[in-house]
Amino acid sequence: MVWTKICNLSNKSDNLQIHITIDLSSNILNGSIPRSVGNWTHIYNLNLRNNKLIHRIPSEIDKLVQLTELDLSQNLIKEKIPSEVQSLQSLQKLNLSHNILSDSIPDAIKSLPRGTDIDLSYNELTGPIPTNTNFLDVS
């Protein structure tokens, strides 16, 4: 019922801006992140930290173009970081730490807005750190 009211409000006024935050952190959620996450286009903050999410980050994440914060840390997410993250041009904070992500850091990370706070620590990533102002110089 609350979601219906929010949707109705957004349709009544072009000047009304609603910032939706979904925080389902520490809820023992398990399984995969659903592909339908791509339908959540009005979300600004998505926090699924500290659950038991597995498999991969769905490529449909690229539909969340208004997203400013994405926290999928402390899960069991595997495979590689999808190149579709480059579509998240409003992103200010990306936390994928403490997962089982593998492969190299994709070049798509370079396409994120300058100044985006990126945390990829405690994964199984290999290869060089991309030359980008979003990463600290660790030399």
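Since the model is a prediction, treat every value here as computed from it, not as a measurement. (Residues numbered from 1 in each chain as written. Predicted model: local features only at pLDDT ≥ 70, side-chain atom pairs only at ≥ 80, totals over all residues. Heavy atoms only, no water.)

1. Side note on the overall build of the protein
Filter applied, for reference: In DSSP terms, a helix is any run of H or I states spanning at least four residues, a strand is any run of E spanning at least two, and both are numbered starting from the N terminus. For the exposure calls, accessible area comes from a 1.4 Å probe over protein chains only, and a residue counts as buried if that area is under 20% of its type's maximum, exposed if over 50%, partly exposed in between. The contact rule is simple, with two residues in contact once any of their heavy atoms fall within 4.5 Å. Each accessible area is a Shrake-Rupley estimate made with a 1.4 Å probe; only the visible protein chains count as cover when residues are assessed.
In terms of regular secondary structure, the protein is built from 1 helix and 10 strands. Order of helices (α) and strands (β) in the protein, N terminus to C terminus: α-β-β-β-β-β-β-β-β-β-β. Burial analysis of the protein (139 residues in total) assigns 37% to the buried set. Within the protein, contacts between residues at least 6 apart in sequence are counted, and of these 43% link residues at least 24 apart. For the protein, the exposed area adds up to about 8,500 Å²; of that, 50% sits on carbon and sulfur atoms.

2. With respect to the pattern of salt bridges
Stated precisely, the cut-off is as follows: Here, a salt bridge means any Lys or Arg side-chain nitrogen found within 4 Å of an Asp or Glu carboxyl oxygen.
Under the defined criterion, the tally for this structure stands at 4 salt bridges. A salt bridge links R35 to E60, with the shortest nitrogen-to-oxygen separation between them at 3.5 Å. Here R35, found in the loop between β2 (30–32) and β3 (43–47), pairs with E60, found in the loop between β4 (52–55) and β5 (69–71); they are 25 residues apart in sequence, far enough to count as distant. Given a relative accessible area of 19%, E60 falls into the buried group. Residue R49 pairs with D71 through a salt bridge whose shortest N-O separation is 3.8 Å. On the criterion of sequence distance, the pair formed by R49 in the loop between β3 and β4 and D71 in strand β5 is long-range, its members being 22 residues apart. On the accessibility criterion, R49 (28% relative accessible area) is partly exposed. Owing to a relative accessible area of 12%, D71 belongs among the buried residues under this scheme.

3. Concerning the confidence of the model for the protein
The test is simple: Confidence per residue, as judged by the predictor, is encoded in pLDDT with a range of 0 to 100.
Chain-level statistics for the protein give a pLDDT mean of 85 and a share of 82% at 70 or above. Below pLDDT 50 for its whole length, residues 1–13 participates in 6 contacts with residues either more than four positions away or in separate chains.

4. Let's talk about the nonpolar core
Buried together is how nonpolar side chains tend to be arranged in soluble globular proteins. Basically, it comes down to this: To qualify as a nonpolar core, a set must consist of buried Ala, Val, Leu, Ile, Met, Phe, Trp, Tyr and Cys residues joined through side-chain atoms within 4.5 Å.
Residues L46, L70, L72, L88, L94, L96 and I109 are the most contacted members of the largest nonpolar core, which totals 28 residues. If you list the elements that add at least two residues to this core, you get β1 (20–23) and β3.

5. Considering the sheet that holds β4
For clarity, the cut-off: When DSSP finds two or more bridges between two strands, those strands count as paired.
Taken in spatial order, the 3 strands line up as β2-β4-β6 in an open sheet, and their pairing is parallel. The sheet is open, and its two borders are formed by β2 and β6 (76–77), each paired with just one other strand. In the sheet, β2 pairs with β4 via 3 bridges, with the strands oriented parallel. In the sheet register, S32 faces β4, and the bridge partner there is I54.

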